[in-house]
Amino acid sequence: MTQTLTIRTPEGIEFALPLAGPVSRMLALVVDLAVVMTIGKAVQQILAPLGFLGKDFSEAIKILAYFAISLVYMALAEWLWRGQTVGKRLLRLRVVDAGGLRLEPSQVIVRNLMRFIDALPALYLVGGIACLVNRHRQRLGDLAAGTVVTRAPRLSRPDLDRILGGKFNSLAETRHLAARLRQKVSPELGAIALEALLRRGEIEPQARLALFGEMAEHFRSVVVYPVEVVEQLSDEQYVRDVVEVLYGGARSQ
Amino acid sequence: MILDISRFVETERAHWTALEKSLEWLERNPDARLTIAEVEGLHTLYQRASADLARVPDGELRKYLEWLVSRAYAEIHEARERKRFRPWRWVTEEYPRVFRAHLRAFQLAAVLTIGGVAFGALALRIDPEAKSVIMPFEGLQESPAERVAKERADQGRHMTGKKNRFSAELMTHNTQVALTTLALGMTFGFGTIVMLFYNGVILGAVAFDYIHGGQTVFLMGWLLPHGVIEIPAILVGGQAGLVIAYALIGWGSRISRAERLRTVSGDVATLAGGAAAMLVWAGIVESFLSQYHEPVISYGTKIAFGVVEAALLTFYLAFAGRRT
């Protein structure tokens, strides 16, 4: 189940930030480690001309450069990209203040300093366990810095044209029953039906049949349409027509 | 009431887009100062998006509005002053001031290390055979007299061609030790205390071994030039760890743990930066000065160098950035 961090604003509005789980965070970390290694190699190539100053000097510079990159990359990226690194961008994750406020540089530094303990004894075991047991999925660094890692939502508004397809809607044509449908179906149920249509491509065929069958049966019982209006309508088409009646108000009139 | 989403989106979309553009601009220009009219405009858009959020049911649109309102909330309700990082001011004022603000934590770190020193010295006095256990480092297994004789004969040649690399390795290793000591503050200070005590034990055992072996001057010439910076730097790491532990425990505090940690995070970051900077200097000195002994450099010179460094560091941490 998706865990969220709910913040209530002084205006009395609540918003929920979906929290990232340990697996997606670990994948982002793997990407970032690969980025650190790549930058390290690139810096080595760039510093190669310093070889004329002696092997000892160039090796020292390489050690220091790699250490500095591994220590600074995460913090610098999170600061410059507002809580994101390359790995977090790819996995659509973002570090945010646990109170919903702006991320401060000191918070970024502290959460990255704590990697020294979160990474113990190996493979971020301490951080991973902390992440699993904490209700806000915070590793020790997040707890110390007062941050959480969120999943950025896919930003799109429901595309009614895409799901409804502008087909003839027999339910909408029977206007007095359509009005009763809008009156009797709760907003929550309407939202679930809309969500199911939007995600129908992600559902297994058998589960999809069962889900839309159950929904259609419920909608059929809420408002009973004459048989000639609903005959030959599949369950999914029935739900689709109901959603158009509910959400496509002006168009279905 | 079922919302007519299409009509709702068409009506409100322009306001959401305006808010998004304002937020993107603010995020690109974090130091920008808005006029009163701009602040009012942003606030109006934020309130409108908040009101819209309260009306929409669960779904994609709600997620979008939550994302938009959360970003606007962060910009509008943030009351912490955003300070521009000024390196010179950080060195001359901020770091020593933060150090002094948490002097008790530093003193506790020092006491723990001194306790470890006493334990290490006592352990070696009681059981000299324990040397290999207490100091499991190859270079410290031989007797102090043998080491001194070898160093005098070698005249620093063993460092030829590897001074820079050695210096870099010391910097990275010591920084890792200091920052681990800091991070272990999250174990309610237990790990920090163990690290500080353990470092003290090794130091005490080494010191006792050399003093007992009649090599006090060599020991001072070897350790003082870099040790007077390196050891306080580790203590500063421990100091920061203890600051975190104190905030975690929160004796007598009425504010939440999260708030206590948030309050000290800036100071912890400053102390970490200070410790790292000190260790860079200590690494240079250890590689380029400490590893050379008589007859290359006289012990007196090295000891004097260490004493001057200690005096300057004490003066800096005690007085820099004080306002009259």
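## Here we look at the overall build of chain A
So, point 1. Helix and strand content of chain A: 15 helices and four strands.
So, point 2. Taking 2.2 N^0.38 as the reference for a compact globule, 253 residues should give roughly 18 Å; the C-alpha atoms of chain A span a radius of gyration of 27 Å, well beyond that estimate.
So, point 3. When its C-alpha atoms are laid out on the principal axes, chain A stretches across 90 × 40 × 30 Å.
So, point 4. The buried share of chain A, reckoned over its 253 residues, is 36%.
So, point 5. The contacts in chain A between residues at least 6 apart in sequence include a share of 65% that link residues at least 24 apart.

## As for the overall build of chain B
So, point 1. The secondary structure content of chain B amounts to twelve helices and zero strands.
So, point 2. Each helix and strand of chain B, placed in order from N terminus to C terminus, yields the pattern α-α-α-α-α-α-α-α-α-α-α-α.
So, point 3. Its C-alpha radius of gyration of 28 Å places chain B more than 25% over the 20 Å reference for a compact globule of 324 residues.
So, point 4. C-alpha atoms of chain B, sized along the principal axes, occupy 90 × 45 × 35 Å.
So, point 5. Here chain B, with 324 residues, has 40% of them falling under the buried criterion.
So, point 6. Once local pairs closer than 6 in sequence are excluded, the contacts in chain B between residues at least 24 apart make up 83%.

## Some remarks on the packing of helix H10 (residues 216-249) of chain B against helix H12 (residues 299-319) of chain B
Residues and elements named next belong to chain B.
So, point 1. Running from N to C, H10 and H12 point in directions that differ by 25°, and their axes come no closer than 8 Å. Here H12 runs roughly parallel to H10, going by the angle between their axes. With respect to the hand of their crossing, H10 and H12 are arranged in left-handed fashion. Between H10 and H12, the contacting residues are Val 217, Phe 218, Met 220, Gly 221, Leu 224, Pro 225, Val 228, Ile 229 and Pro 232 on the first element and Tyr 299, Lys 302, Ile 303, Phe 305, Gly 306, Glu 309, Ala 310 and Leu 313 on the second.

## A look at the interface of chain B and chain A
So, point 1. Counting residues at the interface gives 53 residues for chain B, matched by 53 residues for chain A.
So, point 2. Counting residues per element, the ones that place at least two in the side of chain B that touches chain A are helix H1 (5-28), helix H2 (36-55), helix H3 (60-77), helix H8 (163-183) and helix H11 (257-290) of chain B.
So, point 3. Grouping the amino acids of the side of chain B that touches chain A by side-chain chemistry returns 25 nonpolar, 13 polar and 15 charged.

## Digging into unusual backbone geometry
Residues and elements named next belong to chain A.
So, point 1. The linkage connecting Leu 120 with the following residue, Pro 121, adopts the cis geometry, with an omega of -20°.
So, point 2. Residue Arg 92 is not a glycine yet carries a positive backbone phi of 60°.
So, point 3. Mapped onto the elements of the fold, Arg 92 is located in the loop between helix H3 (86-90) and strand E3 (93-97).

## Side note on the environment of Ala 247 of chain B
So, point 1. With respect to the helices and strands, Ala 247 of chain B occurs in helix H10.
So, point 2. The residues touching Ala 247 of chain B, leaving out its near neighbours within four places in the chain, are Arg 260, Leu 261 and Val 264 of chain B.

## Focus on the pairing of E3 of chain A
Residue and element names in this part refer to chain A.
So, point 1. Among the five residues of E3, five are classified as buried, and the element is accordingly described as predominantly covered.
So, point 2. What you see with E3 is no split at all: Leu 93, Val 95 and Asp 97 on one side and Arg 94 and Val 96 on the other are buried throughout.
So, point 3. Sheet topology note: the E3/strand E4 (residues 147-151) ladder contains five bridges and is antiparallel. Looking across to E4, one finds that Val 95 is bridged to Val 149.

## A look at the confidence of the model for chain B
So, point 1. Across chain B, the average pLDDT comes to 89, with 98% of residues at 70 or higher.
So, point 2. The ipTM assigned to the predicted complex is 0.88, against a pTM of 0.79.

## Overview of the nonpolar core
So, point 1. Formed by 130 residues in total, the largest nonpolar core has its most connected members in Val 239 and Val 242 of chain A together with Ala 272 of chain B.
So, point 2. Beyond its immediate sequence surroundings of up to four residues, Val 239 of chain A is in contact with Ala 193, Leu 197, Phe 212, Met 215, Ala 216 and Phe 219 of chain A.

## Regarding the environment of Leu 5 of chain A
Residues and elements named next belong to chain A.
So, point 1. Along the chain, Leu 5 falls in strand E1 (residues 4-8).
So, point 2. Exposure remark for Leu 5: the 20 C-beta atoms within 10 Å place this residue in the buried category.
So, point 3. As a C-alpha pair, Leu 5 and Val 149 span 144 residues in sequence and 9.9 Å in three-dimensional space.
So, point 4. Those residues in contact with Leu 5 that sit more than four places away from it in its chain are Ala 16, Leu 17, Leu 19, Ala 98, His 136 and Val 148.

## What about the domain arrangement of chain A?
So, point 1. We note that the domain assignment places domain 1 (4-151) and domain 2 (160-252) within chain A.
So, point 2. The C-alpha centroid of domain 2 of chain A is placed 45 Å from the C-alpha centroid of domain 1 of chain A.

## Observations concerning the domain arrangement of chain B
So, point 1. Each assigned domain of chain B is listed with its residue range as follows: domain 1 (5-77) and domain 2 (88-319).
So, point 2. Relative to domain 2 of chain B, the C-alpha centre of domain 1 of chain B lies at a distance of 51 Å.

## Some details on helix H12 (residues 205-222) of chain A
All names here are of chain A.
So, point 1. Between its first and last C-alpha, H12 extends 26 Å over 18 residues, near the 26 Å set by a 1.5 Å rise per residue.
So, point 2. Among the residues making up H12, those that are buried are Phe 212, Met 215, Ala 216 and Phe 219. For H12, the arc enclosing every buried residue in end-on projection is 100°, short of the 170-degree limit, so these residues lie on one face. Structural note: H12 exposes Gln 206, Ala 207, Glu 214, Glu 217 and Ser 221 on the side pointing more than 90 degrees away from its buried face.

## Focus on the packing of helix H2 (residues 55-80) of chain A against helix H4 (residues 105-113) of chain A
All names here are of chain A.
So, point 1. It is the contact of H2 with H4, at a shortest axis distance of 9 Å, that shows an interaxial angle of 150°. Considering their axes alone, H2 and H4 lie roughly antiparallel with respect to each other. The hand of the H2/H4 crossing is right-handed. Residue-level contacts link Met 74, Ala 75, Glu 78 and Trp 79 of H2 to Pro 105, Val 108, Ile 109 and Asn 112 of H4.

## A few points about helix H6 (residues 125-133) of chain A
Residues and elements named next belong to chain A.
So, point 1. Of the positions making up H6, those classed as buried are Val 126, Gly 127, Ala 130 and Cys 131. Projected down its long axis, H6 shows its buried positions confined to an angular sector of 130°, all on one face. Exposed side of H6, more than 90 degrees from the buried face: Leu 125, Leu 132 and Val 133 are the residues found there.
So, point 2. Structurally, H6 contributes buried residues whose contacts are with helix H1 (22-47), helix H5 (115-118) and helix H7 (140-145).

Thresholds, definitions, all that
Residue numbers here run from 1 along each chain, matching the order of that chain's written sequence. Lettering of chains starts at A and numbering of ligands starts at 1, both following the order in which they are written. Totals for whole chains, interfaces and linings use all residues, but because this is a predicted model, local features are given only for residues with pLDDT of at least 70 and pairs of side-chain atoms are given and counted only at 80 or more. Strands here are runs of E lasting at least two residues and helices are runs of H or I lasting at least four, both read from the DSSP assignment and numbered beginning at the N terminus. Our radius of gyration is a C-alpha quantity, and the globule rule it is checked against amounts to 2.2 Å times the number of residues to the power 0.38. Exposure criterion: with C-beta atoms placed from backbone coordinates, a residue whose C-beta has 20 or more other C-beta atoms within 10 Å is buried, one with 12 or fewer is exposed, and one in between is partly exposed. The contact criterion used is a C-beta to C-beta distance within 7 Å, with each C-beta placed from the backbone. Fitting a line to C-alpha atoms yields each axis, with helices limited to the stretch in contact; the angle taken between N-to-C directions then spans 0 to 180 degrees. Here roughly perpendicular refers to angles of 65 to 115 degrees, roughly parallel to angles under 35, roughly antiparallel to angles over 145, and oblique to all remaining angles. By convention the crossing between two helices is left-handed if the near helix lies anticlockwise of the far one by an angle smaller than a right angle, and right-handed if it lies clockwise. Polarity classes work like this: nonpolar for Ala, Val, Leu, Ile, Met, Phe, Trp, Tyr, Cys and Pro, charged for Asp, Glu, Lys and Arg, and polar for all others, with Gly in that last group. What makes two strands pair is DSSP finding at least two bridges between them. Per residue, pLDDT measures the predictor's confidence, with a range of 0 to 100. Each nonpolar core consists of buried Ala, Val, Leu, Ile, Met, Phe, Trp, Tyr and Cys residues. Their C-beta atoms, within 7 Å, join them into a set. Marked domain ranges trace back to an automatic or database domain assignment. Working rule for helices: expected span equals 1.5 Å times residues minus one. The arc in question is the one spanned by the directions pointing from the helix axis to the C-beta atoms.

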